[in-house]
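Listed here are the chains, written in short residue letters.
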Amino acid sequence: MVSVAVKGKDNKGVVAKDTSRSGDDHGTPSRYSIKRWLFSTNHKDIGTMYLVFAIFAGLVGGSLSFFMRLELQQPEVQYFLNAGEPDGHMWAVFITAHGLIMVFFTVMPALIGGFGNWFVPLLIGAPDMAFPRMNNISFWLLVPAFGLLVSSMLFGGAGTGWTLYPPLSGLLGHSDPSVDLAIFAMHLAGVSSILGAINFIVTILNMRAPGLALHKMPLFVWATLITAFLLLLTMPVFGGAITMLLADRNFATSFFVAEGGGDPLLFQHLFWFFGHPEVYIMILPAFGIISHIVSTFSRKPVFGYLAMVYAMVSIGFFGSIVWAHHMFTVGMSLAAQSYFTIATLIIAVPTGIKIFSWLATMWGGSISFRVPMLWSLGFIGLFTIGGVTGVVLANGGVDTQLHDTYYVVGHFHYVLSLGSVFAIFAGFYYWFSKMSGCVIPEWAGKVHFWTTFIGVNLTFFPMHFLGLAGMPRRYIDYNEAFAGWNAVASYGSYLSLSSTLFFVVTVVCVLLRGRSAVAANYWGKGADTLEWTVSSPPPYHSFSNPPRIT
Amino acid sequence: MDDRGFLLKISLLYLYYAWMNYLFERQKLYVMRFLQGIFFIGVLLPRVASAEGFAKNWQLGFSEPASPLARRIFGFHDDILLPLTFTICVLVFALGFFICWRFSEKRNKVPSKRTHNSKLEIVWTLIPVVILALISVPSFKLMHAIDDLSDTSFTIKATGHQWYWSYEYPDHEGLTFDSNLVRGDDLRDKSKRLLQTDNALVIPVDQKLRLLITSADVLHSWSVPRLGVKMDAVTGKVNEIWLQADKMGTYYGFCTELCGDGHAYMPVEVRVVSRGEFALWLRDAKKRFAFSSERRNDLSFALRL
């Protein structure tokens, strides 16, 4: 991490005094004024709204998965019934909504919208984001997007999987307007992401405090910058693809309609050209957060800072040119399969560099196992498992066996649910007192961590076994031969869901109890980035006078 | 399967070496020995894990392969990928636990300031590169084998429908029939729930066949795990794979591409029989499916015009 020395003797004191002079609560609208939230242009308020929204959406997406696990707990269909018959469509609607909500309305808003908005300006010493009004509309586009997705349920729901593959998502598979509404939802979410990405790029490139060169920038800021570029590059392609799908459905075009000379595989290529960078969009900010936390609690600067930066840059680059490894079984040429195999394997190298650098950061450190550190250690371990199963799946030959089985479900939940989501919780516990001025008791954080850790591993590890045995994903019912591990997975998910509810109740209680006196730098020596130089919570307007980094 | 004892011995031997090296020779070699031991445990694992027949409850690994292709795919996973990834995981976890123990606040009060070690960074970049290069060679060979459609004896065409498969034998007078899931009380063997169909695809043993796969409506995917095949059925596109079973028996598979309401209810059932039995079955099937075959042939004739 970049060590920050602000001009003057005692950097922390100077900056804190500086900002308080610029008016601690001066001009702060009341917490209860509707204008403050609806018309907000303040990066901290918008970040807070993003976090609250992400938690809400996460609970919705999580309860969908609860019903899915409830159904899969034993063979035969018990809950998803329509007039006594298994309702495979409703099942597909649930898996689709779970995927879309978790990706677009939980992980992205939490990592980029939430932590990005809150901490990118603080970490680079900027007073706010570059385009505060655009920031506001980025957030407020997300809310109607979520509404549209939910309203698609009213018309029968989109049961296409989050990948929205035609012809199932075309008129042939869904003749009602539910897929159109889902497409509109993605349009709005996409516009929201693109605007957010532009905002982050401009902010990071133009508004860094004097002396904060790019190669001194904290890793979370680097991660957000790379993420923003990925979003800006790939989201328009996704928007184009779903717009073509919309035209196919409503205006009798045939981009993806084989009868009209179109090609359903074109959609898959366009979708995954976005969809694969999307998984890096969800994991890169997580990498950034983990680097900060590991460094803070080891009381050591990040090992191999430049290697960490360029590992993320190369992950972003290679992540954008490997999309068709999601399509090994569609009937690709041998040459294409070979290319996508080798390109995918290459990503393991920078990812390995990151894992080893985190371990090297801890090596020689003085590690304290506070709650954020526990989540980070969990992240490193579980992400390693998700990473190596990714290496297995990268091989086109083996993927013909494992594609669309539970092995894949296990793999991507290890990198996203146990990777990104662990990093979200790590960041939440790391920065919660900074954001709110309230303190979550250490024991509650530990209970939350351990129950979630056990729960998610019980849920997702057996999925590898199920996948190797051949159980396909997106199945409402399965043969009795898969019953054992499915039951274990279901029990695990009940544990992690209870743990999440415990977390929400804890946070609500803590917030209701109100603020306590929290130091500006409550983690002590290891935390040396700029956000620890302002008070907790920071003043409404921070860094009116930019700090100087030497 | 029978090399389990050998593998157990060799992995224990390496771990014992590692322990001895650590105790007496004070060489850094013990790390290498330790990893070798772990690697062989990794090779051993799938041999304990794999199950015979169709998937079994609490199964940990692949089912028993029944085709040369499945043998190769499973072998690549079990002998190379799994041991490697297992070793990497054990290494990272062991290192992680050691670091947490050795450099905890209690044991190490003063953190070091070291943030760079170029040699180390080069090593942990190059070693993964070498490992991946090593993986890619068998991986390419395997993809090549899957793609090798030479010398197939005859062709079968599978068409995915919402929600059943239909099979066509164009080289056998266009024999055509549908394969629907057997439900509820019609099920002969309750343990084959969601697997058994009314008309299984029947193929002769030890014969390399060409299988064309396409779809009549939305995307489907034709897969039989124990035969090592999975290929998407794409609307407007005919995919081809080869199929060869080297053991007689009945093999079950699935539709593995989300296709709507009945996605879980269109299994694949392949019955592998001797050549003689196949000839008998053909004769009988041509009579039994005369109507559907003729209709299909008329239709395809009409489409060709």
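Each remark here, short or long, concerns the structure printed above.
Notes on the structure follow. (Residues numbered from 1 in each chain as written. Chains lettered and ligands numbered in written order. Predicted model: local features only at pLDDT ≥ 70, side-chain atom pairs only at ≥ 80, totals over all residues. Heavy atoms only, no water.)

### Things to note about the nonpolar core
Looking at soluble globular proteins, one finds that nonpolar side chains tend to be buried together.
Step number 1: Counting 260 residues, the largest nonpolar core has F104(A), F105(A), F115(A), F379(A), Y169(B) and W222(B) as its most contacted members.
Step number 2: Looking at this core, the element that brings in the most residues is helix 4 (residues 88-124) of chain A, giving 22 residues.
Step number 3: Apart from residues no more than four positions distant in its own chain, Y169(B) is found in contact with F154(B), T155(B), I156(B), G174(B), L175(B), F177(B), L201(B), V202(B), F278(B) and W281(B). (Core = buried A, V, L, I, M, F, W, Y, C linked by side-chain atoms within 4.5 Å. Buried < 20%, exposed > 50% of the residue type's maximum accessible area, 1.4 Å probe, protein only. Helix = DSSP H or I, 4+ residues; strand = E, 2+ residues; numbered from the N terminus. Contact = heavy atoms within 4.5 Å.)

### Structural notes on the sheet that holds strand 7 (residues 229-233) of chain B
Residue and element names in this part refer to chain B.
Step number 1: The strand order across the open sheet formed by 5 strands is 4-10-9-6-7, and the pairing between neighbours is mixed. Edge positions in the open sheet fall to strand 4 (201-204) and strand 7, since each of these has one partner strand only. Strand after strand, the sheet turns through a mean of 25 degrees between neighbouring axes, direction not considered.
Step number 2: Of the pairings in the sheet, the one linking strand 6 (residues 220-224) to strand 7 comprises 5 bridges and is antiparallel in character. When the bridges of strand 7 are listed, V224 appears paired with V229.
Step number 3: Against the sheet, helix 5 (residues 275-288) makes contact with strand 4 and strand 10 (268-273), and its axis sits at roughly 140 degrees relative to strand 4, the strand it touches most. (Pairing = 2+ DSSP bridges. Axes fitted to C-alpha atoms, helices over the stretch in contact; angles between N-to-C directions.)

### Considering the interface of chain B and chain A
Step number 1: The partner chain A presents 93 residues to the 84 residues of chain B that form the contact.
Step number 2: Connecting chain B to chain A are 2 salt bridges.
Step number 3: A salt bridge links R193(B) to D477(A), with the shortest nitrogen-to-oxygen separation between them at 2.9 Å.
Step number 4: Applying the counting criterion to the chain B and chain A interface returns 29 residue pairs in polar contact (both at pLDDT 80 or more).
Step number 5: Those elements that provide at least two residues to the side of chain B that touches chain A are helix 3 (68-102), helix 4 (118-147), strand 7 and strand 9 (249-255) of chain B.
Step number 6: Top contributing element to the side of chain B that touches chain A by residue count: helix 4 of chain B, with 16 residues.
Step number 7: For the side of chain B that touches chain A, the per-class residue count stands at 44 nonpolar, 26 polar and 14 charged. (Salt bridge = Lys/Arg side-chain N within 4 Å of Asp/Glu carboxyl O. Polar contact = N/O pair within 3.5 Å; in protein donor to acceptor, adjacent residues only side chain to side chain. Nonpolar A, V, L, I, M, F, W, Y, C, P; charged D, E, K, R; others polar.)

### Notes on the side chain of K434(A)
Step number 1: Residue placement: K434(A) occurs in helix 13 (residues 406-436).
Step number 2: The contacts of K434(A), once residues within four sequence positions are left out, are F119(A), A520(A), Y522(A), E531(A), W532(A), V534(A), S535(A), S536(A), P537(A) and P538(A).

### Looking at the sheet that holds strand 8 (residues 239-243) of chain B
All names here are of chain B.
Step number 1: Read from one edge to the other, the open sheet built from 5 strands follows the order 3-2-1-5-8, with strand pairing classed as mixed. Strands at the two margins of the open sheet, each flanked by one partner only, are strand 3 (175-179) and strand 8. Looking at each pair of strands side by side, their axes are set apart by 25 degrees on average, direction ignored.
Step number 2: Sheet topology note: the strand 5 (residues 209-215)/strand 8 ladder contains 5 bridges and is antiparallel. Counterpart to L212 in the pairing with strand 8 is E240.
Step number 3: The strands touched by helix 5 are strand 2 (164-169) and strand 3; relative to strand 3, the strand with the most contacts, the crossing angle is about 85 degrees.

### Observations regarding the pattern of salt bridges
Residue and element names in this part refer to chain B.
Step number 1: On inspection of all chains with the given rule, the structure shows 14 salt bridges over all chains.
Step number 2: Linking D148 and K208 is a salt bridge whose minimum nitrogen-to-oxygen distance equals 3.8 Å. With D148 in the loop between helix 4 and strand 1 (155-161) and K208 in the loop between strand 4 and strand 5, the pair connects residues that are 60 residues apart, well separated along the chain.
Step number 3: For K208, a relative accessible area of 15% gives the class buried.

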